[in-house]
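Notes for the structure review
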Amino acid sequence: MTAPPVVSIQQVSKRFKGFTAVDGVDLDVRDGEIFALLGPNGAGKTTLISIVAGLLRATAGTVTVLGKDVVRDYRFTRRAIGLVPQELNFDPFLTVEETLRFQAGYFGLRLADARLEEILTALDLASKRGENTRALSGGMKRRLLIGKALVHEPKVLFLDEPTAGVDVELRRSLWAYVRTLRARGTTVVLTTHYLEEAEELADRVGVI
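In this text the structure is predicted, and so the values were computed from the model without any measurement.

Helix and strand counts for the protein stand at 7 helices and 9 strands. A globule of 208 residues ought to have a C-alpha radius of gyration of about 17 Å, and the protein, at 17 Å, matches this closely. Overall, the protein is about 45 × 45 × 35 Å in size when its C-alpha atoms are taken along their principal axes. For the protein, with 208 residues in total, the buried portion stands at 48%. Within the protein, residue pairs in contact and separated by at least 24 positions form 70% of the contacts whose partners lie at least 6 positions apart.

Dropping the structure here:
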């Protein structure tokens, strides 16, 4: 028997004052896979992810996460999702550790010390835990974005252009960590316009 999809997108469209950003998309993402959504800038990848994550409301169509509607059951679905956006979204006066603890608080969680250490170590941020986020390099900020998305241990992780603008060494270390997450049972959806990234990481690729 085929397992139900973790994410199901059915005939989803999004229009902005006469401009159609997403037009009738159908997509199912399977449990435990790495799915890459490949397409050029402006193709609608970020818009589609934002609809699934609850940041935008679709003009038409339905989206479910773990069988729950993202509009009707938004409290459940938003807790099930971790989102790593393209934009950096830190308070520049908080330290790395404070940023992660505050993020956990948004989900009503107290971040356990062991979980904090695990995230810092996995993302090579342990030596930066006491530094303000404004002092981090671009690559370190990108890693911290991923850490923020993982504090509540989401079932589904969305990575929106996760390696855009980072060097080759960091890109490959992030790839390795994404594989580790998948091995632990996290379903990963990433958007990219790098064909190499899609080929290297994904179990399946969709083109938009």
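Our focus in this paragraph is the side chain of Glu 197. Checked against the element boundaries, Glu 197 lands in helix 7 (residues 195-201). Among buried charged residues, Glu 197 stands out as having no salt bridge; its nearest opposite-charge side chain is Arg 171, 4.8 Å away. Side chain to side chain, Glu 197 and Trp 175 meet in a polar contact 2.8 Å long. The residues touching Glu 197, leaving out its near neighbours within four places in the chain, are Pro 162, Thr 163, Arg 171, Trp 175, Leu 190, Thr 192 and Ala 202.

As a further point, take the sheet that holds strand 1 (residues 7-16). Spatially, 2-1-4-5 is the arrangement adopted by the 4 strands of the open sheet, whose pairing is antiparallel. A single partner strand is all that each edge strand has here, and the edge strands are strand 2 (19-29) and strand 5 (68-69). Contacts between helix 1 (residues 45-53) and the sheet are confined to strand 1, strand 2 and strand 4 (60-65), with strand 1 contributing the most and set at about 115 degrees to the helix.

Thresholds applied
Along every chain, residues carry numbers that run from 1 in the direction the sequence is written. Selection of residues for local features in this predicted model requires a pLDDT of at least 70, selection of side-chain atom pairs for listing and counting requires 80 or more, and totals for whole chains, interfaces and linings are taken over all residues. Side-chain numbers here rest on the full set of heavy atoms in the structure, without hydrogens or water. Secondary structure elements follow DSSP: runs of H or I no shorter than four residues count as helices, runs of E no shorter than two count as strands, and numbering proceeds from the N terminus. For the radius of gyration, the atoms used are the C-alpha atoms, and the globule rule reads 2.2 Å times the number of residues raised to 0.38. Only protein chains enter the accessibility calculation, which uses a 1.4 Å probe; a residue whose area is less than 20% of its type maximum is buried, one above 50% is exposed, and one in between is partly exposed. Throughout, a contact is declared for two residues whenever any of their heavy atoms are within 4.5 Å. Think of it this way: Lys and Arg go in the positive column, Asp and Glu in the negative one, and His and the chain ends go nowhere. A pairing counts as a salt bridge when a side-chain nitrogen of Lys or Arg comes within 4 Å of a carboxyl oxygen of Asp or Glu. Polar contact is the term for a pair of N or O atoms within 3.5 Å; when the atoms are in protein, one must be able to donate a hydrogen and the other to accept it, and sequence-neighboring residues count only if both atoms are side-chain atoms. Between any two strands, pairing holds if DSSP finds at least two bridges. Structural elements are reduced to axes, namely lines fitted to C-alpha atoms, with helices fitted over the stretch in contact, and the angle between N-to-C directions of any two is expressed from 0 to 180 degrees.

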